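Structural description and commentary
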Amino acid sequence: MSTMFSALSVRNYRIYFTGALISNIGTWMGRVAQDWVVLTELSDNSATALGIVTGLQFLPILLFTPIAGAISDSFSKRNIMLVSQSLMGIFALITGLWVLSGGMVLWQMYLMAFLSGLASALDAPSRQAFVSEMVPRDRVANAVGLNSASFHSGRLIGPGTAGLMIAAVGTGPTLIVNSFTFVAVLIALLMLDRAALTGGPDRTKPRGKVSEGLAYVRRRPDLILIMVIAFMHGTFGLNFQLTNALMSTEAFHKGVTDYGITGSVMAIGSLAGALLAARRERPRWRLLLGSLFLFSFFTLGVALAPTFTIFLVLLVPTGLTAMTVMVSANAMIQLTTDQAVRGRVLALYMTVFMGGTPLGAPFIGWVGEAFGARWTVLMATIACGLTAVVATIYVMRHDNLRLRLRASWTRPLALERGAVIEPVPEKVN
């Protein structure tokens, strides 16, 4: 099997990947349907309401993911995911039935978004760390990239499908379809060969504490820098669930079908970025920082796009660079963290990466109402561009690196000497 898909040669991972792909398609259908309900059925195209519901969906990740990380290191990740995926499916079903009944009001959607976020907070650390239990160490980076490819394959198919389905039968049935796709993950988890899983919790040691993960990260400035980049990227750069809706409706005056297409078009770039990242066995600083610079450049083009067609075209490289940043940061964390605290470190990573959304989404929504839809995207350009500059200066000064111009238009800049983060984790006693 080619390097790009080598993790799929592992039976357990192949089964899990299939179930996750089906669920990811449903998840993106659900997100589009939820946003459309909030914008057109429960409010009068309110960017603030959309920002609040997005923020509430991610607030539990900020509040509870560190605790979920300690749970992940103490119990079977597979069993935790069986519980969390079941809860997410149940909450999605309740939301769909409530919308279908015609009795839902805005605060009730806020409530369901928060409950779904609780289940997602429990799920996230185990789902991220579970990758390294299914595949050998030399295929972890590949599996991380393929996980992202699965997620964005769902993003490629889900939004467009949701747009067509909403236009045909409405938002309620679309949300209900999403709830049933969680069954695919549950079946996959039940089909796994548990004897082939590696790196489960050490029953001879006391259960992990959240403080141990914090102490480990404090001793690792490289992990701190990655988490700072992830926070800025996630808080200000990855609000496309919100910004695409506002750009489609406010800047270009489009309907639900065109809005659904924006997610699918962007996913083309995201999928390409995930597959390209899956080819790399070892992430590099120059890839992470270069992708962040390019992401800032392309979001500027997206914000200033004069027509909807140009907007769609620019979403492709925007999605590609955004995904390269995400996969590179995730793989660096996975490969350089000791297994004993990996769940807790990944929980902290997910907290800073996704937990900033409750702060960023309402703020971005307010920016959209106060200054217009285009400024919601310009915030990503400003925040991520400044982060890329500061992070590059830090890496150059602390790792003794130099920025060198190259005679190549595809890779005009290079960090000289030692730009690789070696996968040698600090041991935890």
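These figures come from a predicted structure and were not determined experimentally.

**Notes on the overall build of the protein**
- Across its full length, the protein carries 15 helices and two strands.
- When the 429 residues of the protein are sorted by exposure, 59% land in the buried category.
- Considering only intrachain contacts with a sequence separation of at least 6, the fraction spanning at least 24 residues in the protein is 84%.
- For the protein, the exposed surface amounts to about 17400 Å²; the carbon and sulfur share of it is 66%.

**Considerations on empty space enclosed by the protein**
- Within the structure shown, the criterion is met by four cavities of 30 Å³ or more.
- Its boundaries defined by the atoms lining it, the second largest cavity holds a volume of some 100 Å³.
- Forming the boundary of the second largest cavity are twelve residues, of which W28, F240, Q241, Y259 and G263 lie nearest the centre.
- Of all the elements in the fold, those that place two or more residues in the lining of the second largest cavity are helix 1 (11-41), helix 5 (140-169), helix 9 (240-251) and helix 10 (256-278).
- At four residues, the largest contribution of residues to the lining of the second largest cavity is made by helix 1.
- Its residues placed into classes, the lining of the second largest cavity shows five nonpolar, four polar and three charged.

**Comments concerning the packing of aromatic side chains**
- Counted under the stated rule, the structure contains nine aromatic pairs.
- On the basis of an interplanar angle of 75° and a centroid distance of 6.1 Å, the ring pair of Y16 and F130 is categorised as edge-to-face. Of this pair, Y16 sits in helix 1 while F130 sits in helix 4 (residues 106-134); the two residues are 114 residues apart in sequence, bridging distant segments of the chain.
- On the accessibility criterion, Y16 (5% relative accessible area) is buried.
- Ring geometry for F252 and F311: centres 5.3 Å apart, planes at 45°, overall tilted.

**Concerning unusual backbone geometry**
- For H253, which is not glycine, the phi dihedral falls at a positive 55°.
- Looking at the secondary structure, you find H253 in the loop between helix 9 and helix 10.

**Remarks on the confidence of the model for the protein**
- Taken over all residues, the pLDDT of the protein has a mean of 81, while the share at 70 or more is 86%.
- Across residues 405-410, confidence stays below pLDDT 50; counting only partners more than four residues off in sequence or on other chains, it has six contacts.
- The low-confidence segment residues 418-425, where pLDDT is below 50, has 29 contacts with residues more than four positions distant or belonging to other chains.

**Some words on the nonpolar core**
- Grouped together as the largest cluster of nonpolar side chains are 117 residues, with contacts concentrated most on Y13, V135, I229, F311 and Y349.
- Leave out the neighbours within four places in its chain, and F311 touches N244, M247, F252, T262, V302 and A305.

About the cut-offs
- Residues numbered from 1 in each chain as written.
- Predicted model: local features only at pLDDT ≥ 70, side-chain atom pairs only at ≥ 80, totals over all residues.
- Heavy atoms only, no water.
- Helix = DSSP H or I, 4+ residues; strand = E, 2+ residues; numbered from the N terminus.
- Buried < 20%, exposed > 50% of the residue type's maximum accessible area, 1.4 Å probe, protein only.
- Contact = heavy atoms within 4.5 Å.
- Areas by Shrake-Rupley, 256 points an atom, 1.4 Å probe, with all protein chains shown as cover.
- 1 Å grid on protein atoms, 1.4 Å probe; cavity = no way out; pocket = protein on both sides within 12 Å on 5 of 7 lines; lining within 4 Å.
- Points joined across faces, edges and corners; volume = space filled by probe spheres on them.
- Nonpolar A, V, L, I, M, F, W, Y, C, P; charged D, E, K, R; others polar.
- Phe/Tyr/Trp six-rings, centres within 6.5 Å; stacked < 30°, edge-to-face > 60°.
- pLDDT = per-residue confidence, 0-100.
- Core = buried A, V, L, I, M, F, W, Y, C linked by side-chain atoms within 4.5 Å.

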